[in-house]
Structure formats: C-alpha cells, structure tokens
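Letter by letter, the chains look like this.
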Amino acid sequence: MAVDLKGRSFLTLMDFTPEEIRYLMDLGFELKAKKKAGRIGDALKGKNIVLLFDKTSTRTRSSFEVAAHDEGGHVTFLEKGSSQIGKKESIEDSAKVLGRIFDGIEYRGYSQKLVEDLAKYSGVPVWNGLTDVDHPTQMICDLMTIEEKIDKPLSDVKVVFCGDIRNNMSYAWMYACSKMGMHYTAFGPDELAEEIDPAVMKSVQEVAAETGAVIEVSSDPSCLKGADVLYSDIWASMGEEDQIPARVALLSPYKIAMDTLKKTENENVIFMHCLPSFHDFETKMAKEQMELGYDIREVTDEVFRSKNSVVFDEAENRMHSIKAILVATLGNYTMDRDR
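So, a few notes on the structure that sits alongside this text.

Reading the values: rules and limits
All residue numbers refer to positions counted from 1 along the written sequence of the respective chain. Per-residue local features are limited, in this predicted model, to residues with pLDDT of at least 70; the limit for side-chain atom pairs, both in listing and counting, is 80 or more; totals at the level of whole chains, interfaces and linings are taken over all residues. Note that the side-chain values use all heavy atoms of the structure and ignore hydrogens as well as water. One bridge is not enough; two strands pair if DSSP finds at least two bridges between them. To qualify as a helix, a DSSP run of H or I must reach at least 4 residues; to qualify as a strand, a run of E must reach at least 2; elements of each kind are numbered from the N terminus. Lines are fitted to the C-alpha atoms to define the axes, a helix being fitted only along its stretch in contact, and any angle between axes, read from their N-to-C directions, falls within 0 to 180 degrees. We call two residues contacting when some pair of their heavy atoms lies within 4.5 Å. Type-normalised accessible area, obtained with a 1.4 Å probe on protein chains alone, sets the label of each residue: buried when under 20%, exposed when over 50%, and partly exposed for intermediate values. For the purposes of this analysis, a disulfide is any pair of cysteine sulfur atoms at a distance within 2.5 Å. Two N or O atoms form a polar contact when they lie within 3.5 Å of each other; inside protein one atom must be a possible hydrogen donor and the other a possible acceptor, and for residues adjacent in sequence the pair counts only when both atoms belong to side chains.

All right, on to the sheet that holds strand β9 (residues 270–273) then. An order of β7-β6-β5-β8-β9 is seen for the 5 strands of this open sheet, with the pairing classed as parallel. At either end of the open sheet lies a strand with only one pairing partner, and these are β7 (214–218) and β9. On average, each strand axis in the sheet is inclined to that of its neighbour by 20°, with strand direction left out of account. Summarising the sheet, strand β5 (residues 158–162) and strand β6 (residues 183–187) pair through 5 bridges and their orientation is parallel. Bridge pairing in β6 links Val159 to Tyr184.

Below, the structure written as structure tokens:
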C-alpha cells in the first residue's frame, strides 16, 4: 500500500511509522538525484509557505527556501519581532490567520507546544524546524546520510551521541532510533542522565520493544566500542551562554577527539554533527570564551576535518530531506517506484 502523507503535519518522528519515515528518506534520495540531474520540479507549484523563526538558523532557513523554490513554491520569512504573533495576537488567532493565507507553516523556536498549537489551529500542514525538545527534520537528513555512508541496514547501525544527552538532538535521536530499530547510546555525565525526561524514555522504550531498537544511557567510555556513528552538538544552546563555565567543566570529558574514534574500534566510524560546531577558535564566541579560559569545542578540529567526518554531506542533505517533507505533505508528486 502506497504511503500517503498529504495534509499531515511534521512535528515529531513519534507521529510516524517506520514505513512512513522510510518513505520520506526514499523520497529525499529521489529528489536529490533529480536535483543533481538538473531537473526542475513543480510539485509545489502554486503553494505558499511561511517560515516562522524565533531562533536564527543557516541550514534550516536555507533548506526550506531552496527546497520550496526548487519545486515551484513561494516562501515568506517572518523572523522574531517582525509580526504580532504572541504579542498583540494569540498563537491560536495567528495560526487561524496564517492558515487562511498560506498552504503550510514552518516554525523554528523554543516551545514544542507552540508548534503543536500552530498545527492544531491553522488547518494546514505545520513543520517543526526545531524546538527545545525535538529536531525532526534533522533526523530525516541524518538517516539519509547514514545510509549513504554506512554499508549496512539501519537496524545494524549503532549511534553514540556524546555530550549533552538531555538536549533536543539527543531526544530526536532517541525517537529516530527507536522507530527504525537502531542501537542508540547517549554517552554523557550521570547528572545529565538524571535530567532526561522520564516520559521520553518510557515512550522510546515502548517503541523499541516493538522494533527491536536498543536505547541506552551510559557514562562509561566502553560504550563507544562498536559505534558506527559518533554524534555531537554544541554544549550551550541558544540562550544558555551563561551556563558555559559549568558546561565546559561537565562535558569536556565527552569531547570527541581522535582518541574517541579509536575507542570505537571501527576504522570506518563516521562523525556527524547538526552544525554549527565549535571545532576551532575561528568564531567570535569560541575565541571570546577561550580568552576567558573556557574551551567550548565539543569536537577537535582534527576530527572535524578528518576523513571520518561527513558533516558537510550531512548539511547538504538538510535541503533534500526537507524538500521530501514539503513535497510529501503538501505537494503533488508520485515517486518513481509508485508510478
């Protein structure tokens, strides 16, 4: 039976079956090949989408805009402070207005409830570009990248996330791995393990029981053995800069270095990162913090630039995967396998 996601919102992978996630990946691969071949699409012809950004971004905004334009869609960008949303107008009222004007809404910001309310009240597909507890569009991209780089089924892949194991990326990985029957290890300090939302762990373990996934948390470096993917994220998210001294002290033992790769005992292990990354001191923030005595790099420059690093192939796949999500939920397109 063909997968039909038309009209669906994309808020979290927990809303989707493994078959639906697989469909989005395969559609991403097909649209990527089409792009590489120079074929112009029209799956979103006549569609208007709005991007609502409470958090800034390079990859998410660029990917949504290029993805929509590639398939004939039109984009309006509304950043924080440029509309009345949540100030003079409630989220409910704003959602109802935007749903009358646009065919789809993307939101990138802080609150998961806000993106859920947009979907609840707008009457059009809503796409989660990132919240404090999830990053689902990143996951379709990352699963695609793993399949391109690792010659084994997803169900045989082990992902180890190193560092802040109770952040949105770690949760997103738990959701993805539980759905796709993968092995996921959150490798970080015990005190952060205690902060992982029990409801998140309960839900992913229930899914894992059905799919054969392994979801575990560890502070023991021995958990690195057998990893196919080492993943990291910055230690202080947007709005958490005041926590940098404590985070550096807590998370420095989990920085990914060449020695970390060696501990996997897998010469083909790949390094992935959602970006941006602090891997050198060429950014204003990393340089300023180092002058204060804080090395905020979550990965060494040697690893970031090594043959094991696939971060820029991964970044490119943000656009192809987001295009797949837009086309599947809003567009008029039939995959080649379904023709």
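There's more to say after this.
A few words on the sheet that holds strand β4 (residues 126–130). Backbone-to-backbone hydrogen bonds join strands into a sheet, with any given pair of strands oriented parallel or antiparallel. Sheet architecture is open: 4 strands sit in the order β2-β1-β3-β4, paired in parallel fashion. The open sheet is flanked by β2 (74–79) and β4, the only strands paired with a single partner. Between one strand and the next, the sheet's axes are offset by a mean angle of 20°, whatever the strand orientation. Here 5 bridges tie strand β1 (residues 48–53) to strand β3 (residues 104–108), and the two strands are oriented parallel to one another. Across the sheet, Ile49 pairs through a bridge with Gly104, a residue of β3. Relative to β4, helix α13 (residues 311–330) is tilted by about 165°, and along the sheet it contacts β1 and β4.

On to unusual backbone geometry, then. At the junction of Leu275 and Pro276, the peptide bond is cis and its omega measures out at 0° in the coordinates. By the secondary structure assignment, Pro276 is in the loop between β9 and α11 (284–291). Backbone geometry at Leu130 places phi at a positive 150°, although glycine is not the residue there. Take Leu130: it is sitting in strand β4. Given a relative accessible area of 8%, Leu130 falls into the buried group. Of note in this structure, Glu265 is not a glycine but carries a positive phi near 60°. Assignment of secondary structure puts Glu265 in the loop between α10 (258–263) and β9. Since its relative accessible area comes to 61%, Glu265 is described here as exposed.

The next point concerns the state of the cysteines. Under the definition given, this model contains 0 disulfides. Considering cysteine sulfurs only, Cys223 is the nearest to Cys162, which forms no disulfide, with 7.1 Å between them. With a relative accessible area of 9%, Cys223 lands in the buried category.

Those residues of helix α4 (residues 112–122) that sit buried are Gln112, Leu114, Val115, Asp117, Leu118 and Ser122. On the buried face of α4, the contacting elements are β1, α3 (91–101), β3 and β4. Its side-chain oxygen placed 3.2 Å from the backbone nitrogen of Lys113, Ser111 serves as the N-cap of α4.

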